[in-house]
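# Results of the structural survey
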Amino acid sequence: MPTRAKGEVLHEYIVTGRKLPTEKEPVTPIYKMQIFASNTVIAKSRFWYFISMLRRLKKANGEILECKEIFEKNKGSVKNYGVWLKYDSRTGHHNMYREYRDVSVAGAVTQAYRDMGARHRAGADRIHILKVQPIKAADAKRVHVKAFHDSKLRFPLPHRVAKRRGAVYSFSHLTIVALGSSVSPISAMAAIPDGDYERGKKVFKQRCLQCHVADSKATKTGPTLHGIIGRVSGTVEGFDYSAANKAKGVTWTKETLFEYLENPKKYIPGTKMVFAGLKKAGERADLIKYMEVESSKPCA
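Being a predicted model, the structure only gives us computed values, none of them experimental.

## Comments concerning the overall build of the protein
Summing up its helical and strand segments, the protein has nine helices and eight strands in all. Long-range contacts, defined here as pairs at least 24 residues apart, represent 52% of the contacts in the protein between residues at least 6 apart.

## Considerations on the pairing of strand β1 (residues 11-19)
In terms of strand pairing, β1 meets strand β2 (residues 30-37) through eight bridges, oriented antiparallel. For T16, the partnering residue across the bridge sits in β2 and is K32. In this sheet, strand β3 (residues 62-70) lies alongside β1 in antiparallel orientation, the contact comprising eight bridges. Note on β3: the bridge partner recorded for V15 is C67.

## Looking at the packing of aromatic side chains
All told, the structure shown has nine aromatic pairs when counted by the stated rule. An aromatic cluster is defined as three or more aromatic residues linked by ring pairs; in this entry it consists of Y197, F204 and Y290. Sitting over the ring of Y267, K248 keeps its end group 4.6 Å from the ring centre. The aromatic ring of F258 is capped on one face by R284, whose charged end is 4.2 Å from the ring centroid.

## Here's the deal with the packing of helix α5 (residues 197-207) against helix α9 (residues 281-296)
Packing of α5 against α9 brings their axes to within 7 Å, and their N-to-C directions diverge by 95°. Comparing the axis directions of α5 and α9 gives the class roughly perpendicular. Across the interface between the two elements, Y197, R199, G200, K201, V203 and F204 of α5 pack against D286, L287, K289, Y290, V293 and E294 of α9. A class-by-class count of the residues in the contact of α5 with α9 yields six nonpolar, one polar and five charged.

## A word on the sheet that holds β1
Spatially, three strands are ordered β2-β1-β3 in an open sheet, and the strand pairing comes out antiparallel. The open sheet terminates on both sides in strands that have one partner only, identified here as β2 and β3. Across the sheet, the mean angle separating the axes of adjacent strands is 25° when strand polarity is ignored.

## Details of the sheet that holds strand β6 (residues 127-135)
Ordered by their spatial adjacency, three strands build an open sheet running β5-β4-β6, and the pairing between neighbours is antiparallel. With partners counted over all chains shown, the strands left at the sheet margins are β5 (93-102) and β6, one partner each. Neighbour-to-neighbour, the strand axes of this sheet turn through a mean angle of 20°, independent of strand direction. Set on the sheet, helix α2 (residues 105-120) makes contact with β4 (79-88), β5 and β6; between it and β5 the angle comes to about 130°.

## What about the state of the cysteines?
Under the criterion given, the structure shown has zero disulfides. With no disulfide of its own, C208 lies 8.7 Å from the sulfur of C211, the closest cysteine sulfur.

## Brief notes about the confidence of the model for the protein
Summing up the model confidence of the protein, the mean pLDDT is 85 and the portion of residues at 70 or higher is 88%. Contacts from residues 173-190, a stretch scored under 50 in pLDDT, to residues over four places away or in other chains number 28 contacts.

## Notes on the nonpolar core
Counting residues in each nonpolar core, the largest one holds 21 residues, and the members touching the most others are F204, W252, L261, L287 and M291. If you tally residues by element for this core, the top one is α9, at four residues. Beyond its immediate stretch of four places on either side in the chain, M291 contacts L225, I228, L257 and L261. Within the second largest apolar cluster, 19 residues are counted, among which are V83, M96, V109 and V132.

Rules of the game
- Residues numbered from 1 in each chain as written.
- Predicted model: local features only at pLDDT ≥ 70, side-chain atom pairs only at ≥ 80, totals over all residues.
- Heavy atoms only, no water.
- Helix = DSSP H or I, 4+ residues; strand = E, 2+ residues; numbered from the N terminus.
- Contact = heavy atoms within 4.5 Å.
- Pairing = 2+ DSSP bridges.
- Phe/Tyr/Trp six-rings, centres within 6.5 Å; stacked < 30°, edge-to-face > 60°.
- Lys NZ or Arg CZ within 6 Å of the ring centre and 35° of its normal.
- Axes fitted to C-alpha atoms, helices over the stretch in contact; angles between N-to-C directions.
- Parallel < 35°, antiparallel > 145°, perpendicular 65-115°, else oblique.
- Nonpolar A, V, L, I, M, F, W, Y, C, P; charged D, E, K, R; others polar.
- Disulfide = S-S within 2.5 Å.
- pLDDT = per-residue confidence, 0-100.
- Core = buried A, V, L, I, M, F, W, Y, C linked by side-chain atoms within 4.5 Å.
- Buried < 20%, exposed > 50% of the residue type's maximum accessible area, 1.4 Å probe, protein only.

In structure tokens, the structure reads:
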């Protein structure tokens, strides 16, 4: 049934309808009903559903005179709401009174629908809201509502740590400098973990070897990575770089490579490289270590 609150708050509508006038009955009674639904189409459908059960009036013999949405006048404070309803279960008909805290009538009814579905497995199409109205704190009956009426109610933080300005905190291989302090080149270098050559060799074979080589000047789908440390981007002779790569003009160092390898498309927007990047800092450090060692060797 589309009455279910699928993630959004239901809206409150006043739907007015009547039986179509005929020669025998030129004046027909008008019925007005408060409906909670996600849109006007469902609101009208619910009107005919309830009116057919209560007055034996079908949609084919009637008409909708007005379908008006009602908006809450004051949504600036949380109020207590009492909800009177009835619903059909597998065993019979049940009347029920429930209480909720919300900023609007529609919000309280939405809570009621979700609560009934969760606690009583009541289908939304079998719930009939009889009455909804704000109630005073003194008239509240439910414990979970009365618990919020304590003026001394507090929600203290269980653990509060005062951070010193300019302090340096170390986590695993990373060094994070608190805001307000200066970062020297030495501390920036410390943020890159020490890589491992053998692990970097495995990463290169798995992720890079299909398009690049590191032990020669040959170019494949991508340019050679031999001698990449200290080289300016887009400068390998004979390779057709993208305009974005040439325009970047970045000098490849350990720091720039570490940032680039995490997300190449973000570092150089418009690059033709389809490599998605390495999210793990350890893998990036290992790969940089491998390329650094291979670049220092003479070409094969």
